[in-house]
Structures are given as C-alpha cells and as structure tokens.
Amino acid sequence: MIRFANVYKEYPRTGLALNDVSFLVNRGEFVFLTGPSGAGKSTILKMIYMDEFPSRGALWVGSTKSPDIKRSAIPQVRRKLGVVFQDFRLLEDRTIEQNVAFALEVVDTPSDKIGTKVSRLLTRVGLASKATNYPRELSGGEQQRVAIARALVNDPFVLIADEPTGNLDDRATRGVFQLLKDINASGTAVVMATHNLELVRRNEYRVLEVNRGQLVFDSGDASVKVEATP
Amino acid sequence: MRLAVREAMLAFRRSPLLSALSVTTIAFSLLAFGLFSLVALNIRSALRSVEERVEVRAFLVDNTPVDSIAGLMEELSKRPEVQRVEYIDAEQALVRARAELGEFKDVFEAGFLPASLDIRMREGFRDPAAVQQVVEQVRLLPFVEEVRYGADWIEKLHRIRNIATATGVVLGIAFAAVAIIIISASIRMTVLARAREISIMRLVGATDAFVRRPFLVDGFVKGVLGGLLALLLTWLARTVVSKSFLEVDFFPPSIAMLGVAAGALLGTMVSSVSVRRHLSRLK
Ligand SMILES: Nc1ncnc2c1ncn2[C@@H]1O[C@H](COP(=O)(O)OP(=O)(O)OP(=O)(O)O)[C@@H](O)[C@H]1O
Ligand SMILES: [Mg+2]
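Here's a quick rundown of the structure. From a predicted model like this one, the values you see are computed outputs, not experimental measurements.

1. Some remarks on the pairing of strand E9 (residues 206–211) of chain A
All names here are of chain A.
Turning to step 1, where the next piece is worked out: Judged by how many residues are buried, E9 sits mostly within the fold: six of six residues are covered.
Turning to step 2, where the next piece is worked out: Bridge analysis of E9 against strand E10 (residues 214–218) gives four bridges, and the strand direction is antiparallel. Bridge pairing in E10 places Leu208 opposite Asp218.
Turning to step 3, where the next piece is worked out: A loop of two residues connects E9 with E10, the two strands running antiparallel in sequence, and Arg212 in this loop sits at a positive phi of about 45°.

As structure tokens, then:
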C-alpha cells in the first residue's frame, strides 16, 4: 500500500529532515502523523504524493517506487491519491463547483460526466447548496470540505491530509474530522498530519510520531522503540 | 482541448497589451521576410526575362579561316553551359542590324559589320559567373576581335536581389528575436500569475503536456494572427507600390499560406520552449 523503507531526506540548505524512516500503511487504514513543528511530517506526506523524493532509501505508493519513478509517471500516481492542506488551496476566482470540476477537467474527464460527478461529490461533503458560491463566501470548514471533495474526484485509495484542521475552530474541526472518518469508513485510507493531540487522543486510530526526522513512535507496530519526547 | 482554447482566450483578455505586442512582433518579423522576398521575387522574374536573352557575342577578325571557326564552335557546343552557337556572317549581321534599327538601315554598308559567333547560354547558367567563364575562353583567341555581353546590369540585378534577400533575412531574424523575447516575457507573466492554479493542476494529476497545452494554443493563435497581419501589410505595401510606381507580382497563394504557417510555427515553438523553461522554474 504505502511503504517507507529506510528513507532519508536531506534538503539542500537545511540539512537532514528525515532520518531512516520506515513504516507501512495498510489498505483502508487511518493514520495520524504527529510530532512537533519541523519534525518532518509534511516532508513525509510530500514524498507520498511525489513532490519530494528520498535522498536515500525508497518508498512505495501502491506499486510505484520512489525515487525510481519517471517524472512523466507522477501524474498517474497523483490521480490515485487525494491531497488536502491547511490552507485549502482553492481557486478564488471560481465557484465551488468549478473548483471541483477543475480537477476533473485536468484529468481529461469526458465533459458530460463532470456535472453529475461534481454534484455527487458536493452532496457527499454536504455542500450541494453552495455549489455556485465562491470560496470567499464560505467558512473555513466549508472551504476545507470543498478541498476534500476535490481530493476525492478520482476515487483515491488514500487521502493525504496535511493539518486539515489547522486553520479551523473546534466546531469546524469536528465537522471536517467527521467527514474524514466517514470517508475512511467507506474504504479510503487516510494519512493525516496534525498538531491536535485531543483529536488523536479521542480516536482509536493508529499514531505515527516523528521527531527531528525520526520515527519515534508507532502505535500500530510494536517493533518501533518508543522513546520519550522532550 | 476546449479547456486549452478557453485558457488561451483568457490569456488574451488578461494581458491584452502584451498579447497584442506579441502578435505585432511576429507580424513584423514575417513582414520583413515578406517585403524583401517580394522584392527578390520581382527581381527574379525580371531577371528571368532578361536572362532569356542572354547571349555572348564574339566578333571575329575579318577573313578568319573557316576551320578555326568550326573548331571553336564545336568546342563551345561541348560546354554544359552553352545551349547553342550560331555563326553570323557579315551579310546576316547587316540584315539583322537593318531590321533592328529600322529607319537607319541605309547607314550600313555591306562589309561594315564584322561576322560573329552568337553563343546562347543554357537555362540555369545565365548568371554572371557562368557567362564570365565562357567569355574568358573566347576572349583570348587571336581571331576574336571583341566580346560583348550584357554582363553589367545582369550582375547589378543579381546583386540587388542578393542584398534584398540578405536584408530580409537579417531584419526578419531581428524581429523574430524581439518576438521571442516578448512572447517569453508574456509567458513568464502568465505562468507567475497562474502559479497557484498550475500547482493545483499538478497536485490533482495533470500531466505536464496538459499544463503546457493552453500556452501552446496561445502561441499558435498569436502566430497565426501575426502571420495574417504580416500578409495583409505586405499586400497593402504591394498595392501601394503597384499603384504609384510599377506593377509588381504578389506571392502565389501557396507561399502566402506558408507565411501564415511560419507564423504559427514561430508562435508555437517559442511558446513551447519558453513555457518549459518557466514551468520548470516554478515549484
Ligand atoms: N523545501 C524545503 N527546503 C529546505 N528545507 C525544508 C524544506 N521543507 C522542509 N524543510 C525542512 O525540513 C524540516 C522538516 O520540515 P517539515 O515541513 O516536514 O516539518 P513539519 O513536521 O511538517 O512541521 P510543521 O508541523 O511546522 O508543519 C524542517 O527543518 C524544515 O526546515
Ligand atoms: Mg507541516
């Protein structure tokens, strides 16, 4: 599914960001990725959607191996994943439905299929009534739901979420998180980086903790030595 | 594809000034090529009609033995650049001179004009260099008194044609360079303005080809518009010259189409190269 094998990442100017990271995410799993700021969470996620590549070691996303992958094959990998961010990354000059449709157009979906697919996705995230609104007319929680709808256009096997609730208040956080749980319940794996320890504590999902580029805790794998975090 | 066309239209609306400038510089580049190749084209057709009459005439010393003449004729006929060699004796020369000069025919007396060999050049060898070679062979023979040929102005026409061609090429390339700079700048602006959009496209799995496509369509459209504009301007220039100075030929339709195609090619290629460069800098 997703497998990291002794992955190291060295950035040109900041040095070692990941130090010998190995883990496995199974089909349909929900995984929290935690750790202090600068620990390497985003770096791990970027490697999964092939925005960054390991300096040493290797990782597999489905059957695709990084860093051996050809540049031209990356789009195909990304079509099997969905990615959402803290800052939503919506296009401000397009309506909600246009934002979602955009992701479908980009992968050459036949235009007669786009309409129904968009409305189905917007219904799924509970925003059918705001289809023709612009992002600035929506609350943060609603905007994140649009981003999630967009991430789901290709029926991904895994949803990558980098602090999806980082910009949201408690109520919106609960709502977005419930949506992620629902998506996971329907069979999509979710890998979510978060600082929200309460969310982590209150849910019985697997936790991967990174600190200074090392995997220091994996609740789903007894072989990883648990170390005290400072 | 529809998306690409839409995006390309958007590019025109987003930066109309830069777009217009791109089209204009492409047009100027092609216009330079067009105008000067039009000059070259017309000189060429003028040359062809002149060259058709290119003859080298070698006047012979009186009482040259027939053997020598026959020998020379045979030798000349063997040259690849010679089409025909004709012996004109004094009698014929007189007849011809009278025919050509009409009312002055009485001033010529028999025997006044020398006999000559008229050498006609084969097509494709009617340029100054080939003519010069034949002239050299004949000139130094003891029984050849003088050689005459229309070298001067043929050479002049050739030179004008070459200058026109060179000027067109140089100016065309200069404007093409300006077009390249401007198109590249406008693509850079568009890429930066759309950086966010492009990064989202990539994130949801757009191929590089897909991201580039609107830019290529945009370049193609600008190229075609530039080509058409150049064609229009060239045609206008020709019309003005035809009306006020002398009748000039225009390009045949196939060449005109080729000009527009060249514009399309220029626009598309420059866009392709420059969008590749600017996209790789993004990220
Ligand atoms: N593009 C980059 N170029 C250079 N260094 C980078 C880059 N991205 C991240 N880093 C460095 O790698 C380390 C890990 O960064 P990363 O973004 O993965 O942390 P994080 O765990 O996501 O932090 P946060 O919780 O604040 O988002 C940091 O020290 C950071 O400075
Ligand atoms: Mg991060």
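2. Let's talk about the environment of Ser184 of chain B
Residues and elements named next belong to chain B.
Turning to step 1, where the next piece is worked out: Positionally, Ser184 belongs in helix H6 (residues 151–193).
Turning to step 2, where the next piece is worked out: Given the relative accessible area of 12%, Ser184 is considered buried.
Turning to step 3, where the next piece is worked out: Taking C-alpha positions, Ser184 is 9.2 Å from Ser22, a pair spaced 162 residues apart along the chain.
Turning to step 4, where the next piece is worked out: For Ser184, the contacting residues outside a window of four places in its chain are Ser274, Arg277 and His278.

3. Regarding the site of ligand 1
Residue and element names in this part refer to chain A.
Turning to step 1, where the next piece is worked out: If you check the shell around ligand 1, you find 13 residues, and the closest are Thr14, Ser37, Lys41, Ser42 and Thr43.
Turning to step 2, where the next piece is worked out: Here a nitrogen atom of ligand 1 and a side-chain polar atom of Thr14 are 2.6 Å apart.
Turning to step 3, where the next piece is worked out: His195 is positioned such that a nitrogen or oxygen atom in its side chain is 2.8 Å from an oxygen atom of ligand 1.
Turning to step 4, where the next piece is worked out: The fraction of the free accessible surface of ligand 1 (630 Å²) that becomes covered by protein chains is 66%.
Turning to step 5, where the next piece is worked out: Grouping the constituent residues of the shell around ligand 1 by class yields four nonpolar, seven polar and two charged.

4. Some remarks on the packing of aromatic side chains
Turning to step 1, where the next piece is worked out: For the structure shown, the criterion picks out nine aromatic pairs over all chains.
Turning to step 2, where the next piece is worked out: Their ring planes at 55° and their centres at 5.4 Å tell us that Phe250 of chain B and Phe251 of chain B sit as a pair that is tilted.
Turning to step 3, where the next piece is worked out: Its relative accessible area of 21% is what places Phe250 of chain B among the partly exposed residues.
Turning to step 4, where the next piece is worked out: Arg56 of chain A extends its terminal NZ or CZ atom over the ring of Tyr8 of chain A, reaching a point 4.2 Å from the ring centre.
Turning to step 5, where the next piece is worked out: It is Arg89 of chain A that lies over the ring of Phe85 of chain A; its NZ or CZ is 3.6 Å from the centre.

5. Observations concerning the sheet that holds strand E3 (residues 116–121) of chain B
All names here are of chain B.
Turning to step 1, where the next piece is worked out: Read from one edge to the other, the open sheet built from four strands follows the order E2-E3-E1-E4, with strand pairing classed as antiparallel. Pairing within the sheet leaves two strands with one partner each, and these edge strands are strand E2 (82–88) and strand E4 (144–149). Neighbour to neighbour, the strand axes of the sheet diverge by 20° on average, direction disregarded.
Turning to step 2, where the next piece is worked out: Here strand E1 (residues 55–60) runs beside E4; their pairing, made up of five bridges, is antiparallel. Directly across from Arg57, in E4, lies its bridge partner Arg148.
Turning to step 3, where the next piece is worked out: Lying on the sheet, helix H3 (residues 66–78) is in contact with E1, E2 and E3; it crosses E2 at an angle near 165°.
Turning to step 4, where the next piece is worked out: Docked against the sheet, helix H5 (residues 128–139) engages E1, E2, E3 and E4, running at close to 170° with respect to E4.

6. Describing the interface of chain A and chain B
Turning to step 1, where the next piece is worked out: Contacts between the two partners involve 23 residues from chain A, matched on the other side by 18 residues from chain B.
Turning to step 2, where the next piece is worked out: Carbon and sulfur atoms make up 53% of the surface buried where chain A meets chain B, a total of about 1800 Å² over both sides.
Turning to step 3, where the next piece is worked out: The largest per-residue losses of area from chain A upon contact with chain B belong to Arg78, Phe102 and Val106 of chain A, which jointly make up 27% of the total buried on that side.
Turning to step 4, where the next piece is worked out: Counting the contacts that link chain A with chain B gives three salt bridges.
Turning to step 5, where the next piece is worked out: When the shortest N-O distance is used, the salt bridge between Arg94 of chain A and Glu197 of chain B registers 2.7 Å.

About the cut-offs
Residues numbered from 1 in each chain as written. Chains lettered and ligands numbered in written order. Predicted model: local features only at pLDDT ≥ 70, side-chain atom pairs only at ≥ 80, totals over all residues. Heavy atoms only, no water. Buried < 20%, exposed > 50% of the residue type's maximum accessible area, 1.4 Å probe, protein only. Helix = DSSP H or I, 4+ residues; strand = E, 2+ residues; numbered from the N terminus. Pairing = 2+ DSSP bridges. Contact = heavy atoms within 4.5 Å. Near = heavy atom within 4 Å. Polar contact = N/O pair within 3.5 Å; in protein donor to acceptor, adjacent residues only side chain to side chain. Areas by Shrake-Rupley, 256 points an atom, 1.4 Å probe, with all protein chains shown as cover. Nonpolar A, V, L, I, M, F, W, Y, C, P; charged D, E, K, R; others polar. Phe/Tyr/Trp six-rings, centres within 6.5 Å; stacked < 30°, edge-to-face > 60°. Lys NZ or Arg CZ within 6 Å of the ring centre and 35° of its normal. Axes fitted to C-alpha atoms, helices over the stretch in contact; angles between N-to-C directions. Buried area = accessible area lost by both parts, 1.4 Å probe. Salt bridge = Lys/Arg side-chain N within 4 Å of Asp/Glu carboxyl O.

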